[in-house]
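As a plain string of letters, each chain reads:
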Amino acid sequence: MRKRLTWTLAIGAALAVAFAGIATAEKPTIVQVGNLKLTLNGGFKPKKLPKNKLSGISLNVSGKIQSVDGTHPPALREVIVETDKNGAINAKGLPVCTAAKLAAQDTSHAIKACPDAIVGEGKTNVEIEFPEQAPIIAKSKLVAFNGGVKGGKTTIFIHAYLSSPVSAAVVTTVTVSKVHNGRYGTKSVGKIPVIAGGSGSPIFFELNFNRNFTYKGKKQSYLLAKCPDGHLNAKATSIFADGSKLTGSFVRSCTPKG
């Protein structure tokens, strides 16, 4: 049976870490509430950024969801991410993909459908535990596609394909908008539907963003940041099926130049 699922944790966490400014992968950020724990890690280049002008960065980010006692973690339902006003997504002029082109496609066909719209790649694991059965780990490649800019909002599609124990194209729609909330200037909101009848939970992801392109004769980068005061901030809240909420506030150092 083919089911259409949605995965938003990966991009939500990736955006949080990207604009929080994690500069090394030496120390992960860990958020724990009760029996539930979220671990984030990653790094971006370059570490030195201009004070007053946005500059291109590349990003690697990974994350893990787990229960402290080793039991099957509750399913993710919603992700809300606020990121530093000194970071941005630059999608203007980049080729666009649509959800319709990615739906019901395995990974290779999704890539063929929109090769020029790819902005990131990685991998993910989903733990599926049906009643009275041992947990099964479903693995997939993750591919992020530019969905375009409209009305001041940027759309990103994350595609994955689970082949076992369910056969499913996983297409995530993430909408990113600008806000004016003190230190925060960008907000991403994603809602997660029931996965595998409520038995599926994301437990791991890794994403790499390093997209450069040319627009009107000028070289562009998909992710941008600047460093006016030596640090960048972000805040991410993940809401789970059992009512648990994990909120992580990130303050990371960067090195101003110029």
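Quantities reported herein were computed from a predicted structural model and do not represent experimental measurements. (Residues numbered from 1 in each chain as written. Predicted model: local features only at pLDDT ≥ 70, side-chain atom pairs only at ≥ 80, totals over all residues. Heavy atoms only, no water.)

Our focus in this paragraph is the overall build of the protein chain. The secondary structure content of the protein chain amounts to 3 helices and 18 strands. Across the protein chain, contacts joining residues at least 24 apart in sequence account for 68% of those joining residues at least 6 apart. Surface exposure of the protein chain reaches about 11800 Å², of which carbon and sulfur atoms provide 50%. (Helix = DSSP H or I, 4+ residues; strand = E, 2+ residues; numbered from the N terminus. Contact = heavy atoms within 4.5 Å. Areas by Shrake-Rupley, 256 points an atom, 1.4 Å probe, with all protein chains shown as cover.)

Right, let's get into the state of the cysteines. Using the criterion set out here, one finds 2 disulfides in the structure. For Cys-97, the disulfide goes to Cys-114, at an S-S distance of 2.0 Å. Looking down the S-S bond of the Cys-97 and Cys-114 bridge, the torsion is 65 degrees, so its handedness is right-handed. Note that Cys-97 is positioned in the loop between β6 (87-89) and α2 (99-102) and Cys-114 in the loop between α3 (107-113) and β7 (118-128), a separation of 17 residues in sequence. Each member of the pair, Cys-97 as well as Cys-114, carries the same accessibility label: buried. Here Cys-227 connects covalently by a disulfide to Cys-254, the sulfurs 2.0 Å from one another. The disulfide joining Cys-227 to Cys-254 has a torsion of about 90 degrees about its S-S bond and is therefore right-handed. Taken together, the residues Cys-227 in the loop between β15 (223-225) and β16 (231-240) and Cys-254 in the loop between β17 (245-253) and β18 (255-257) connect sequence positions 27 residues apart. Accessibility classification places Cys-227 together with Cys-254 in one group, the buried group. Once the bonded cysteines of the protein chain are numbered in order along the sequence, the disulfide links fall as 1-2, 3-4. (Disulfide = S-S within 2.5 Å. Buried < 20%, exposed > 50% of the residue type's maximum accessible area, 1.4 Å probe, protein only.)

What follows is about the layout of surface pockets. Each pocket or cavity is described by its volume, and for the largest pocket that value is around 470 Å³. Along the wall of the largest pocket there are 23 residues; nearest its centre are Gly-87, Ala-88, Ile-89, Lys-178 and Thr-186. Those elements that provide at least two residues to the lining of the largest pocket are β6, β9 (153-162), β10 (168-181) and β11 (184-191). At 6 residues, β10 tops the list of elements feeding residues into the lining of the largest pocket. Among the residues forming the lining of the largest pocket, the class breakdown is 9 nonpolar, 9 polar and 5 charged. (1 Å grid on protein atoms, 1.4 Å probe; cavity = no way out; pocket = protein on both sides within 12 Å on 5 of 7 lines; lining within 4 Å. Points joined across faces, edges and corners; volume = space filled by probe spheres on them. Nonpolar A, V, L, I, M, F, W, Y, C, P; charged D, E, K, R; others polar.)

With that out of the way, let us pick up the pairing of strand β14 (residues 218-221). For strand β13 (residues 212-215) and β14, the ladder comprises 4 bridges, and the chain directions are antiparallel. Its bridge partner lying in β14, Asn-212 is registered against Ser-221. Connecting the antiparallel pair β13 and β14 is a turn made up of 2 residues, with Lys-216 showing a positive phi of about 55 degrees. (Pairing = 2+ DSSP bridges.)

Our focus in this paragraph is the pattern of salt bridges. Any two side chains of opposite charge can pair, so long as their charged atoms come close to each other. Scanning the model with the defined rule gives 4 salt bridges in all. Across the salt bridge formed by Lys-141 and Glu-121, the nearest N and O atoms sit 3.3 Å from each other. Note that Lys-141 is positioned in strand β8 (residues 136-150) and Glu-121 in strand β7, a separation of 20 residues in sequence. The shortest N-O distance in the salt bridge between Arg-183 and Asp-229 comes to 2.6 Å. With Arg-183 in the loop between β10 and β11 and Asp-229 in the loop between β15 and β16, this pair connects stretches of sequence that are 46 residues apart. In this structure, a network of salt bridges that share partners links the residues Asp-84, Arg-183 and Asp-229. (Salt bridge = Lys/Arg side-chain N within 4 Å of Asp/Glu carboxyl O.)

A separate point is the side chain of Asn-233. Mapped onto the elements, Asn-233 comes out in strand β16. Its relative accessible area of 13% is what places Asn-233 among the buried residues.

With respect to the secondary-structure elements, Phe-44 resides in strand β2 (residues 36-45). Residue class for Phe-44 comes out buried when judged on its relative accessible area of 5%.

When pLDDT is averaged along the protein chain, the result is 84, and 88% of the positions lie at 70 or above. Confidence scores differ between elements of the protein chain, with helix α1 (residues 9-20) showing the lowest mean pLDDT of 44 and α3 the highest of 97. Below a pLDDT of 50 lies the segment residues 1-26, which in the model reaches 116 contacts outside its immediate sequence neighbourhood of four places, other chains included. (pLDDT = per-residue confidence, 0-100.)

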